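Now for the letters of each chain:
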Amino acid sequence: MPAKSVAVLGTGIFATEAHLPAIAALGDAIELKAVYSRSNKSASAFARDAQEVLKLKHTLDVYHDEDSAVSLDVLLGRSDIDAVIVVLPITVQPSVVLKALAAGKHVLSEKPVAPDVSQGRALIKEYEAKYKPKGLVWRVAENFEAEPGYRAAQRVIQEGKIGKVTFYNARVVNYIDENSKWYKTPWRTVPDYQGGFLLDGGVHTIAALRVILPSPFKTVSAFASLAKEILPPQDTINAIIKSADGSHGLVELTWGAPTPSRASQAGNNITVTGTEGWLELTRANGVMRVSVKTITRDKDGKPTGEAEQVIEEKEVGIEKEIAGFLRAIDGTDDGIDDPRGTLVDVAFIEAALNSNGSPVDIVELAKV
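Here's what I pulled together on the structure shown here. (Residues numbered from 1 in each chain as written. Predicted model: local features only at pLDDT ≥ 70, side-chain atom pairs only at ≥ 80, totals over all residues. Heavy atoms only, no water.)

### Remarks on the packing of aromatic side chains
1) Next: Taken as a whole and judged by the stated rule, the model has four aromatic pairs.
2) Next: Summarising the aromatic geometry, the rings of tyrosine 127 and tryptophan 138 are spaced 5.5 Å apart at their centres and angled 80° between planes, so their arrangement reads as edge-to-face. Here the residue tyrosine 127 occupies a position in helix H5 (residues 117-131), and tryptophan 138 occupies one in strand S6 (residues 138-141), the gap between them amounting to 11 residues. No difference in accessibility class separates tyrosine 127 from tryptophan 138, as the two residues are buried.
3) Next: Arranged with centres 6.2 Å apart and planes meeting at 55°, the rings of tryptophan 187 and tyrosine 193 form a pair that is tilted. (Phe/Tyr/Trp six-rings, centres within 6.5 Å; stacked < 30°, edge-to-face > 60°. Helix = DSSP H or I, 4+ residues; strand = E, 2+ residues; numbered from the N terminus. Buried < 20%, exposed > 50% of the residue type's maximum accessible area, 1.4 Å probe, protein only.)

This is the structure we're talking about:
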């Protein structure tokens with residue numbers, strides 16, 4: 001297949017540090033032709049970085065809001081650009097997604113699908129009614145959904161290696177202070193969307209569980225709070241979840257650790273326990289490690305001990321999600337990063353923020 005011509009909309013930290021290397025890794029499958037940012041300065045800086053990282057033989061075209069001759073509308077009007085990768089602030093993305101689709105572009109937009117369930121539902125309905133029938137592809141870039149490590153854990157469970165899932169846990173404890181590069185991003189410093197870092201970062205963990213577990217979430221009961229004054233409106237969630245198959249779990253999400261050691265010594269992980277064993281998934285230095293421990297039995301079926309299998313996968317979710325997006329444009333859809341799935345992640349966070357201990361029906365909340 002010929003290379004897909006792509007523009008990147010948004011030039012923040014993640015676009016530069018994550019998307020550019022992923023595009024570079026995909027080689028001839030993708031051709032970056034243009035970049036858009038609200039300011040000429042940031043768009044031009046990204047273009048220089050792209051020139052170096054991608055070793056471009058052509059000059060990257062720069063678009064911004066400071067000159068109507070090189071506006072976003074002008075970029076979207078180009079017939080030689082097949083698709084856009086949208087890496088803009090959370091509250092800006094829905095309108096840009098629709099604008100790009102209306103211009104006939106395929107769209108890969110960064111997670112979350114929208115700032116809240118209501119906007120996400122409306123966005124999905126409009127896409128499915130107006131643009132999907134025209135053959136346009138829209139995917140939400142939830143890289144955890146594409147990570148080989150989480151997919152490996154999913155296969156372990158699907159193959160029955162740990163038996164029937166009975167309970168599960170996910171713990172994410174993060175330390176953020178005023179010196180963090182993420183905190184210094186203006187739209188994160190004073191968020192105009194629910195949950196602050198809990199929405200921006202928390203959807204990752206929920207997506208990972210959604211991939212790994214064999215049964216969808218049914219209800220969540222949670223408490224949310226603000227542990228650190230610089231991280232409003234909330235920075236911590238503790239939740240109890242029940243899945244449709246009767247299994248249940250605990251999810252701990254916080255960006256409000258008081259000291260770096262509280263985060264580094266938290267033992268951040270995901271564990272899933274079944275009737276015949278359990279697995280643990282951890283991340284370190286760009287590698288995901290899935291440790292699977294299962295009951296061993298003698299010829300009469302009596303337990304004799306346990307066996308361990310270790311699976312290690314490099315973290316390449318962003319590269320995988322972009323590659324999957326390109327294949328979907330060509331007509332081969334692997335189902336990863338479907339907007340309806342990522343709406344469940346937002347629904348979970350929204351439910352947990354508002355539960356105040358009462359059960360919230362995730363299935364009902366995430367209906368389109």
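Having seen the model, we can carry on.
### Here we look at the sheet that holds strand S13 (residues 287-297)
1) Next: Overall, mixed pairing links the nine strands, which are arranged S14-S13-S12-S11-S7-S10-S9-S8-S15 in an open sheet. Each end of this open sheet is capped by a strand with a single partner; those strands are strand S14 (303-314) and strand S15 (360-361).
2) Next: Contacts from helix H7 (residues 148-158) reach strand S7 (165-173), strand S11 (269-274), strand S12 (277-284), S13 and S14 within the one sheet, and its direction differs from that of S12 by about 175°. (Pairing = 2+ DSSP bridges. Contact = heavy atoms within 4.5 Å. Axes fitted to C-alpha atoms, helices over the stretch in contact; angles between N-to-C directions.)

### Notes on helix H2 (residues 40-53)
1) Next: With 14 residues, H2 should reach 20 Å at 1.5 Å per residue; the first-to-last C-alpha distance of 20 Å fits that figure.
2) Next: Inspection of H2 places Ala43, Phe46, Ala47 and Ala50 among the buried residues, and these make up the whole buried set. Along the axis of H2, the buried positions cluster into a sector of 105°, meaning they face one direction only. Residues Lys41, Arg48 and Glu52 are exposed on H2 and point more than 90 degrees away from its buried face.
3) Next: On the buried face of H2, the contacting elements are strand S1 (4-9), helix H1 (13-25), strand S2 (30-37) and strand S3 (61-64). (Expected span 1.5 Å × (residues − 1). Arc of directions from axis to C-beta.)

### Observations concerning the pattern of salt bridges
1) Next: Within the structure shown, the criterion is met by 23 salt bridges.
2) Next: Measuring nitrogen to oxygen at the nearest pair gives 3.4 Å for the salt bridge that ties lysine 33 to aspartate 80. Of the two residues, lysine 33 sits in strand S2 while aspartate 80 sits in the loop between helix H3 (72-76) and strand S4 (83-86), which places them 47 residues apart along the sequence.
3) Next: Classification of aspartate 80 by relative accessible area gives partly exposed; the value is 29%.
4) Next: When the shortest N-O distance is used, the salt bridge between glutamate 252 and arginine 171 registers 3.3 Å. Of the two residues, glutamate 252 is situated in strand S10 (residues 248-254) and arginine 171 in strand S7; the sequence distance between them amounts to 81 residues.
5) Next: Glutamate 252 gets classed as partly exposed once you look at its relative accessible area, which sits at 21%.
6) Next: We classify arginine 171 as partly exposed; its relative accessible area is 32%.
7) Next: What you see here is one network of salt bridges that share partners, running through Lys33, Asp61, Arg78 and Asp80. (Salt bridge = Lys/Arg side-chain N within 4 Å of Asp/Glu carboxyl O.)

### Examining the pairing of strand S5 (residues 106-110)
1) Next: With five of five residues buried, S5 is to be regarded as a mostly interior element.
2) Next: As defined by bridge partners, S4 adjoins S5 across four bridges and the pair is classed as parallel. Looking at S5, one finds that valine 86 is bridged to serine 109.
3) Next: Handedness of the crossover joining S4 and S5 through helix H4 (residues 93-102) is recorded here as right-handed.
4) Next: As paired elements, S5 and S6 share four bridges and run parallel to each other. Each bridged residue has a counterpart across the sheet, and for glutamate 110 the counterpart in S6 is alanine 141.
5) Next: In this fold, S5 hands off to H5, which returns the chain to S6; that crossover is right-handed. (Right-handed = clockwise from strand over helix to strand, strands pointing away.)

### Observations regarding the packing of H7 against helix H9 (residues 197-212)
1) Next: Where H7 contacts H9, the two axes come as close as 8 Å, and the packing angle between them is 35°. Taken together, the residues of H9 that come into contact with H7 (itself represented by Tyr150, Arg151, Ala153, Gln154 and Ile157) are Ala208, Val211 and Ile212.
2) Next: Counted by class, the contact of H7 with H9 contains six nonpolar, one polar and one charged residues. (Nonpolar A, V, L, I, M, F, W, Y, C, P; charged D, E, K, R; others polar.)

### Re the sheet that holds S1
1) Next: In space, the six strands of this open sheet follow the order S3-S2-S1-S4-S5-S6, with parallel pairing throughout. Single-partner strands in this sheet number two, and they are S3 and S6. Put simply, the sheet's adjacent strands are angled 20° from each other on average, direction ignored.
2) Next: Sitting on the sheet, H2 touches S1, S2 and S3, and the angle it makes with S2 is about 160°.

### Here we look at unusual backbone geometry
1) Next: A cis geometry characterises the amide bond from lysine 111 onward to proline 112, with omega recorded as -10°.
2) Next: One can find proline 112 in the loop between S5 and H5.
3) Next: A cis amide bond links proline 232 to the next residue, proline 233, at an omega of 5°.
4) Next: In this structure, proline 233 sits in the loop between strand S8 (217-225) and strand S9 (236-243).
5) Next: One non-glycine residue, lysine 55, lies in positive phi territory at about 50°.
6) Next: Structurally, lysine 55 can be placed in the loop between H2 and S3.
7) Next: Positive phi outside glycine occurs at aspartate 337, with the angle close to 70°.
8) Next: Judged by relative accessible area, which is 2%, aspartate 337 ranks as buried.

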